[in-house]
Amino acid sequence: MRHGDKVNNLGRKKAHRVALLRNLASELIKHKRIVTTLAKAKALRVYIEPLITKTKKNDSVEQITHQHRVVFSNLNNKEAVKELFTVVGPKVANRPGGYTRIIKLGTRPGDNAERALIELVDFNEIYGKTINKAEEAAPAKRTRRSKKATETKTEEAAPAAEAAVEVPATTEETSTEEAK
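Residues numbered from 1 in each chain as written. Predicted model: local features only at pLDDT ≥ 70, side-chain atom pairs only at ≥ 80, totals over all residues. Heavy atoms only, no water.

A. Quick look at the overall build of the chain. In terms of regular secondary structure, the chain is built from 7 helices and 3 strands. Its helices and strands taken in sequence order, the chain reads α-β-α-α-α-β-β-α-α-α from the N to the C terminus. Put simply, the chain has 180 residues, and 26% of those count as buried. Across the chain, contacts joining residues at least 24 apart in sequence account for 56% of those joining residues at least 6 apart. When the accessible area of the chain is evaluated, it comes to approximately 13,100 Å², of which 54% is carbon and sulfur surface. (Helix = DSSP H or I, 4+ residues; strand = E, 2+ residues; numbered from the N terminus. Buried < 20%, exposed > 50% of the residue type's maximum accessible area, 1.4 Å probe, protein only. Contact = heavy atoms within 4.5 Å. Areas by Shrake-Rupley, 256 points an atom, 1.4 Å probe, with all protein chains shown as cover.)

Here it is as structure tokens:
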């Protein structure tokens with residue numbers, strides 16, 4: 001019985017599962033996105049998010065050294081630890097959590113396994129640019145009863161009313177004018 005067992009064993013023994021997650025985490029840190037099965041991506045998210053959180057805590061030199069050692073004991077890859085603390089950590093410093101995104105890609109042709117793309121959220125330029133543009137374009141929120149809000153609404157309504165008057169002629173009207 002699996003009462004209270006929340007760990008997805010991924011069909012492997014513990015040593016094999018830990019090695020798999022270490023390798024997937026190292027590759028995710030190096031490449032910022034990887035394609036794997038959905039079950040492995042979900043297990044990897046649980047494994048790597050606490051490691052990324054450890055990179056944000058930079059209070060003292062002793063604590064930084066300790067965090068490096070803890071992360072290295074989970075990854076066993078010096079290059080990945082260095083990349084995590086120098087590139088990934090500073091970029092996610094102001095994010096409260098949710099450092100990874102899982103996108104489903106459909107099934108794999110050979111064995112019909114569900115594939116997924118797992119990526120670090122702050123390293124996707126496509127989504128990041130649209131979010132920043134939306135924040136810049138959105139005006140400051142105002143209440144309905146604000147005096148400034150009513151003034152801007154009346155100013156915006158005037159050009160809209162003028163634009164409504166300048167409606168181009170329909171094809172029927174143009175054909176009758178051409179016939180004359």
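Following the structure, the description resumes.
B. Structural context of the packing of helix 3 (residues 61-75) against helix 4 (residues 78-91). Between helix 3 and helix 4, the least distance of the axes is 9 Å, while the angle of their chain directions is 135 degrees. Taken as axis vectors, helix 3 and helix 4 run oblique relative to one another. Viewed along their axes, helix 3 and helix 4 form a crossing whose handedness is right-handed. The residues of helix 4 that touch helix 3, namely those facing Gln67, His68, Val71, Phe72 and Leu75, are Lys78, Ala80, Val81, Leu84 and Phe85. For the contact of helix 3 with helix 4, the residue count by class is 7 nonpolar, 2 polar and 1 charged. (Axes fitted to C-alpha atoms, helices over the stretch in contact; angles between N-to-C directions. Parallel < 35°, antiparallel > 145°, perpendicular 65-115°, else oblique. Left-handed = near helix turned anticlockwise from the far one by under 90°. Nonpolar A, V, L, I, M, F, W, Y, C, P; charged D, E, K, R; others polar.)

C. Seen up close, the pattern of salt bridges. Applying the stated criterion across every chain, the model contains 7 salt bridges. Between Glu119 and Arg33 there is a salt bridge; the shortest N-O distance is 3.2 Å. Of the two residues, Glu119 sits in strand 3 (residues 114-120) while Arg33 sits in strand 1 (residues 33-37), which places them 86 residues apart along the sequence. Accessibility expressed as a relative area gives 1% for Glu119, which makes it buried. In this structure Arg33 comes out as partly exposed when scored by relative accessible area, which is 38%. Bridged by salt links that share partners, the residues Arg33, Arg101 and Glu119 form one connected network. (Salt bridge = Lys/Arg side-chain N within 4 Å of Asp/Glu carboxyl O.)

D. View of the packing of helix 1 (residues 14-31) against helix 2 (residues 38-54). At a closest axis distance of 10 Å, the pairing of helix 1 and helix 2 adopts a crossing angle of 80 degrees. When the axis of helix 1 is compared with that of helix 2, the two are roughly perpendicular. Contact with helix 1, carried on its side by Leu20, Leu21, Arg22, Leu24, Ala25, Leu28 and Ile29, involves Lys40, Ala43, Leu44, Tyr47 and Ile48 of helix 2 and no other residues of that element. Counted by class, the contact of helix 1 with helix 2 contains 10 nonpolar, no polar and 2 charged residues.

E. Looking closely at helix 1. Its 18 residues place the ends of helix 1 26 Å apart at the C-alpha level, agreeing with the 26 Å of an ideal helix rising 1.5 Å per residue. Every buried residue of helix 1 is listed here: Arg17, Leu20, Leu21, Leu24, Ala25, Ser26, Leu28 and Ile29. Those residues of helix 1 that are buried lie in contact with strand 1, helix 2, helix 3, helix 4, strand 2 (100-107) and strand 3. At the C-terminal side of helix 1, Lys32 shows a positive phi close to 70 degrees. (Expected span 1.5 Å × (residues − 1).)

F. Looking closely at the packing of aromatic side chains. The full count for this structure, using the stated rule, is 0 aromatic pairs. Just above the ring of Phe123 sits the side chain of Lys91; from NZ or CZ to the centre is 4.6 Å. (Phe/Tyr/Trp six-rings, centres within 6.5 Å; stacked < 30°, edge-to-face > 60°. Lys NZ or Arg CZ within 6 Å of the ring centre and 35° of its normal.)

G. Region of the structure containing the sheet that holds strand 3. Pairing is antiparallel across the open sheet formed by 3 strands, whose spatial order is 1-3-2. At either margin of the open sheet sits one strand with a lone partner, and together these are strand 1 and strand 2. Neighbour to neighbour, the strand axes of the sheet diverge by 25 degrees on average, direction disregarded. In the sheet, strand 1 pairs with strand 3 via 5 bridges, with the strands oriented antiparallel. Within strand 3, the residue paired with Ile34 across the bridge is Ile118. Of the strands in this sheet, strand 1, strand 2 and strand 3 touch helix 2, which is tilted by about 170 degrees from strand 2. (Pairing = 2+ DSSP bridges.)

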